[in-house]
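Secondary and tertiary structure notes
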Amino acid sequence: MQEIFLTAFVPAFVTFFVVVDPVGIAPVFAALTEGSTNAQRRFMALKGTLIAALVLAFFALVGKPFLNALGITLDALRVAGGFMLFMIGYEMVFEKRTKRREESAEHIQEEAVAHDEEDISVFPIAVPMLAGPGAIAAVMLQMSQNADSSLGQGMVALAMAVVLVLTFLIFLAAARVTALMGPTFSQVFSRVLGLVVASFAAQYMLDGLYGTFFKG
């Protein structure tokens, strides 16, 4: 049990936490819900995380049959998904992801005001900020890594659930978290996590290349 926890839950948790990046999304959520009541913030935080959970669960369950129908191998997914995760890690290390999210938040907030839209739980919170391409690739990748173990896949699902619960809790305290973190801590935290996810991504790509050229 301890071995499957270390080999399945821990890598999945770290990957999901970095890709979803609840700490990084917290300022975006705080900005988009500015002027809303506490009850409205709680409702949008809950709704957004639940919808994201449903989207990710869908790809976790039907990801492999979906790939088979398209004729895509798991090794190809490992290489492609690993490349996507590596790009996310690269952007985090060099602070490009944070800047893009801030610009996106400002643009979305302007559109919401123009159209008098207050509920931002489905878009952009659930999709694409929580259940975006990176998170979808990550959940399919982690499930494929544990394709031979139902317990391992259960650990992956548990890791995803834990990250989404933490995301919901961070959203509830988004304004306070943003104020407490400060710019310096936020930059250091983002770069360290970016290095971690880039390392996981490199391992995924190596596994995919090994499976393609040296197995069979």
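Here the structure is shown first, and the text comes after it.
Model, not experiment: these values are computed from the prediction. (Residues numbered from 1 in each chain as written. Predicted model: local features only at pLDDT ≥ 70, side-chain atom pairs only at ≥ 80, totals over all residues. Heavy atoms only, no water.)

1. Points about the overall build of the chain
When helices and strands are counted, the chain shows nine helices and zero strands. Along the chain, helices (α) and strands (β) appear in the sequence α-α-α-α-α-α-α-α-α when read from the amino end. In the chain, once contacts between residues fewer than 6 apart in sequence are set aside, the share between residues at least 24 apart is 89%. Of the roughly 11600 Å² that the chain leaves accessible, carbon and sulfur atoms contribute 67%. (Helix = DSSP H or I, 4+ residues; strand = E, 2+ residues; numbered from the N terminus. Contact = heavy atoms within 4.5 Å. Areas by Shrake-Rupley, 256 points an atom, 1.4 Å probe, with all protein chains shown as cover.)

2. Overview of the packing of aromatic side chains
Scanning the entire structure with this criterion turns up seven aromatic pairs. Centroid distance F9 to F13: 5.9 Å. Interplanar angle 15 degrees. Geometry classified as stacked. In this pair, F9 and F13 both sit in helix α1 (residues 2–20), four residues apart, roughly one turn of the helix. What makes F9 buried here is its relative accessible area of 11%. (Phe/Tyr/Trp six-rings, centres within 6.5 Å; stacked < 30°, edge-to-face > 60°. Buried < 20%, exposed > 50% of the residue type's maximum accessible area, 1.4 Å probe, protein only.)

3. Let's talk about the side chain of T15
Residue position: T15 is located in helix α1. Polar contacts involving the side chain of T15 include one to the main-chain carbonyl oxygen of P11, which spans 2.8 Å. Dropping the residues within four chain positions of it, T15 is found in contact with L85, A138, Q142, F200 and Y204. (Polar contact = N/O pair within 3.5 Å; in protein donor to acceptor, adjacent residues only side chain to side chain.)

4. Remarks on unusual backbone geometry
The omega torsion across F123 and P124 is 10 degrees, close enough to zero to call that bond cis. Looking at the element boundaries, P124 is found in helix α6 (residues 121–130). For D21, which is not a glycine, the phi torsion comes out positive at approximately 55 degrees. Along the chain, D21 turns up in the loop between α1 and α2 (22–32).

5. Topic: the packing of α1 against helix α8 (residues 150–172)
Direction vectors running N to C along α1 and α8 enclose 35 degrees, while the axes themselves pass 8 Å from each other. The hand of the α1/α8 crossing is right-handed. For the pair formed by α1 and α8, the contact residues are I4, F5, A8, F9, A12, F13, F16, F17 and V20 on the first element and L151, G152, M155, V156, L158, A159, M160, V162, V163, L166 and T167 on the second. (Axes fitted to C-alpha atoms, helices over the stretch in contact; angles between N-to-C directions. Left-handed = near helix turned anticlockwise from the far one by under 90°.)

6. Looking at helix α7 (residues 133–145)
In an α-helix, one turn spans 3.6 residues; hence positions three or four apart end up facing the same way. Its 13 residues give α7 an end-to-end C-alpha distance of 18 Å, which sits within 8% of 18 Å, the value for a rise of 1.5 Å per residue. Among the 13 residues that make up α7, eleven are buried, leaving the element largely enclosed by the rest of the structure. Buried within α7 are the following residues: G134, A135, I136, A137, A138, V139, M140, L141, Q142, M143 and S144. (Expected span 1.5 Å × (residues − 1).)

7. Concerning the nonpolar core
Of all hydrophobic cores here, the largest spans 51 residues; its most connected members are F16, L85, I125 and V139. Every element with two or more residues in this core is listed here: α1, α2, α3 (38–70), α4 (74–93), α6, α7, α8 and α9 (174–213). Looking at this core element by element, the count peaks at nine residues for α1. When residues no more than four places from it in sequence are discounted, the contact partners of F16 are D21, A138, V139, Q142, V156, A159, M160 and V163. (Core = buried A, V, L, I, M, F, W, Y, C linked by side-chain atoms within 4.5 Å.)

8. Focus on the side chain of S121
Tracing the chain through its elements places S121 in helix α6. Leave out the neighbours within four places in its chain, and S121 touches M44, K47, G48 and A126.

9. What about α4?
In a regular helix each residue adds 1.5 Å, so 20 residues correspond to 28 Å; α4 covers 28 Å between its end C-alpha atoms and thus fits that length. One or two residues past the end of α4 sits E95, with phi positive at roughly 65 degrees.

10. A short note on the packing of α3 against α8
Interhelical geometry of α3 versus α8 gives an angle of 160 degrees and a closest axis separation of 9 Å. Our classification of the angle between α3 and α8 gives roughly antiparallel. The interaxial crossing formed by α3 with α8 has right-handed handedness. Residues R42, A45, L46, T49, A53, L56 and A57 of α3 pack against M160, L164, T167, F168, F171 and L172 of α8. Looking at side-chain class alone, the contact of α3 with α8 contains ten nonpolar, two polar and one charged residues. (Parallel < 35°, antiparallel > 145°, perpendicular 65-115°, else oblique. Nonpolar A, V, L, I, M, F, W, Y, C, P; charged D, E, K, R; others polar.)

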